Amino acid sequence: MDFEEVFNKERATRKFSTRKVDDELIKEIIKKAQQSPSLLNSQPWRAYAITGGALLKLKRENKAYIARKVPVSEDFSTMLSIDWSTFPSQNMSNMGAFVTYFLHNKTELFENANNNMFYAPAIIFLTIPKKSPAWSVFDLGIFAQSIMLLAINRGLDTMPAHSLVAYPDLIRKYTNIPDDEAIGMAIAIGYADKAAEVNSPTYIPGRVPFDKIFKLIK
Ligand SMILES: Cc1cc2nc3c(=O)[nH]c(=O)nc-3n(C[C@H](O)[C@H](O)[C@H](O)COP(=O)(O)O)c2cc1C
């Protein structure tokens, strides 16, 4: 696929169809993504893909946790500062306003998608050692972006979501991710359910004005 086309296609997919993703394709994508740059080639990342029966069980238990209002305990929130500065906070609240306004208060569409792990046929959990410098979080972000672009190039749709890593204990139960690794992020992959309202292009959020994020200094 043309690079611009791949890049422009990278949008959050909040409902996947039931079409399965080939295990070999997942492996191929992760293997290629290993080419991503990292500080001093430290390659701090690990990827754990879960599909099939194991994922079904995880989804069921995850939903039960949400129903029981089990407090969220993301690994990154205990590891890193979660004090946000004004600029991203404002952008996030604009996103909240967007959801309320454009979804005509159908926030339940978003909630339902998140609570059901986006009905994804495969989820890739991404980790770094808990003992990591900030550089490793940066490296993990690059690795995640590589995975997503490579997946899109192979006809897949992607969904990066912190809601997928809300309950690290549950994820560890099904993946055996060691305790000394932080389950930082996850990417759901599959094929978009094109008929799903939550995937409608109407709900694609815009970006802040370019001059707010860029300065050219000569
Ligand atoms: C680190 C990260 C975490 C995210 N977590 C969630 C999430 O938990 N739930 C969700 O619905 N979207 C989540 N998103 C998707 C963003 O809301 C989405 O990328 C953003 O609104 C821009 O929309 P677009 O990707 O469709 O252009 C996350 C994205 C990133 C990069």
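Fair warning: this is a prediction, and the values are worked out from it, not measured in the lab.

To continue, consider the pattern of salt bridges. The final tally for this structure, using the stated rule, is six salt bridges. As a salt-bridge pair, Asp 75 and Arg 172 come within 3.0 Å of each other at their nearest N and O atoms. In this pair, Asp 75 sits in helix 4 (residues 75–79) while Arg 172 sits in helix 8 (residues 168–175), placing the two residues 97 residues apart along the sequence. Note on Arg 172: relative accessible area 12%, which makes it buried. Measuring nitrogen to oxygen at the nearest pair gives 3.5 Å for the salt bridge that ties Arg 172 to Asp 179. By relative accessible area, Asp 179 is classed as exposed at 57%. One salt-bridge network, held together by shared partners, links Asp 75, Arg 172 and Asp 179.

Once that is clear, we can look at the packing of helix 2 (residues 23–33) against helix 7 (residues 134–153). Relative placement of two packed helices is described by the angle separating their axes and the distance separating the axes. The N-to-C vectors of helix 2 and helix 7 enclose an angle of 135°; their axes lie 9 Å apart at closest approach. Relative to helix 7, the element helix 2 is oriented oblique. Classified by chirality, the crossing of helix 7 by helix 2 is right-handed. Judged by residue contacts, Ile 29, Ile 30, Lys 32 and Ala 33 of helix 2 engage Phe 143, Ser 146, Ile 147, Leu 150 and Ala 151 from helix 7. By residue class, the composition of the contact of helix 2 with helix 7 is seven nonpolar, one polar and one charged.

Right, let's talk about the sheet that holds strand 1 (residues 46–51) for a bit. Read from one edge of the open sheet, four strands run 1-2-4-3, paired in antiparallel fashion. Looking at strand neighbours, the two that pair on one side only are strand 1 and strand 3 (157–160), the edges of this open sheet. Taken pair by pair, the neighbouring strands of this sheet meet at an average axis angle of 25°, ignoring direction. Relative to strand 4 (residues 181–190), strand 3 runs antiparallel, the two sharing four bridges. Following the sheet pairing, Thr 158 is matched in strand 4 by Ile 189. Across the face of the sheet, helix 2 comes into contact with strand 1, strand 2 (122–129) and strand 4 while running at roughly 165° to strand 1.

Near the ligand, the surroundings consist of 13 residues, among which Arg 11, Ala 12, Arg 14, Asn 114 and Arg 207 are the closest. At 3.0 Å from an oxygen atom of the ligand is found a main-chain nitrogen or oxygen belonging to Ala 12. Contact distances for the ligand include 2.8 Å between an oxygen atom and a side-chain N or O atom of Arg 207. Here the shell around the ligand is composed, by residue class, of seven nonpolar, three polar and three charged.

Now for helix 2. Inspection of helix 2 places Leu 25, Ile 26, Ile 29, Ile 30 and Ala 33 among the buried residues, and these make up the whole buried set. Angular distribution of buried residues about the axis of helix 2 spans 130°; they occupy a single face of the element. In helix 2, the exposed positions that point more than 90 degrees away from the buried face belong to Lys 27 and Lys 31. Against the buried residues of helix 2 lie strand 1, strand 2, helix 7 and strand 4.

Counted according to the given criterion, the structure contains four aromatic pairs. Both rings, one in Tyr 65 and one in Tyr 167, keep their centres 4.9 Å apart while their planes meet at 70°; by these two values the pair is edge-to-face. Separated by 102 residues along the polypeptide, Tyr 65 in helix 3 (residues 52–67) and Tyr 167 in the loop between strand 3 and helix 8 bring together distant segments of the chain. Ring plane angle 15° and centroid distance 5.0 Å describe the contact between Phe 210 and Phe 214, whose orientation is recorded as stacked. Judged by relative accessible area, which is 41%, Phe 214 ranks as partly exposed.

This paragraph deals with the pairing of strand 2. Counted residue by residue, strand 2 has seven buried out of eight residues, so it is predominantly covered. Summarising the sheet, strand 1 and strand 2 pair through six bridges and their orientation is antiparallel. Residue Ala 49 lies in a different strand from strand 2, and its bridge partner there is Ile 124. Relative to strand 4, strand 2 is paired through eight bridges, and the arrangement is antiparallel. Each bridged residue has a counterpart across the sheet, and for Ile 123 the counterpart in strand 4 is Ala 188.

Calculation notes
Each residue is numbered by its place in its chain's sequence as written, counting from 1. Where local features are concerned, this predicted model is filtered to residues with pLDDT of at least 70; where side-chain atom pairs are given and counted, the filter is 80 or more; whole-chain, interface and lining totals use all residues. Side-chain metrics in this entry use all non-hydrogen atoms of the structure; hydrogen atoms and water are not considered. For this analysis, a salt bridge means a side-chain nitrogen from Lys or Arg found within 4 Å of a carboxyl oxygen belonging to Asp or Glu. Counting from the N terminus, the helices are DSSP H or I runs at least four residues long and the strands are E runs at least two residues long. For every residue, the accessible area (1.4 Å probe, protein chains only) is compared with the maximum for its type, and the residue is labelled buried under 20%, exposed over 50%, or partly exposed between those bounds. Orientation is described by axes fitted as lines to C-alpha atoms, over the contacting stretch for helices, and by angles from 0 to 180 degrees between their N-to-C directions. Put simply, angles under 35 degrees are roughly parallel, angles over 145 are roughly antiparallel, angles from 65 to 115 are roughly perpendicular, and the rest are oblique. In this scheme the handedness of a crossing depends on how the near helix is turned from the far one: anticlockwise by less than a right angle means left-handed, clockwise means right-handed. Pairs of residues are marked as contacts when any of their non-hydrogen atoms sit within 4.5 Å. Only Asp, Glu, Lys and Arg are considered charged, only Ala, Val, Leu, Ile, Met, Phe, Trp, Tyr, Cys and Pro nonpolar, and every remaining residue, Gly among them, polar. Two strands are counted as paired when DSSP detects at least two bridges linking them. We call a residue near a molecule or strand whenever a single non-hydrogen atom of that residue lies within 4 Å of it. The definition of a polar contact used here is a pair of N or O atoms within 3.5 Å, where within protein one atom must be able to donate a hydrogen and the other to accept one, and adjacent residues in sequence count solely through side-chain atom pairs. The arc in question is formed by the directions pointing from the helix axis toward the C-beta atoms. Here the aromatic set is Phe, Tyr and Trp, taking the six-membered ring for Trp, and pairing holds for ring centres within 6.5 Å; pairs whose planes are under 30 degrees apart are stacked, those over 60 apart are edge-to-face, and all others are tilted.

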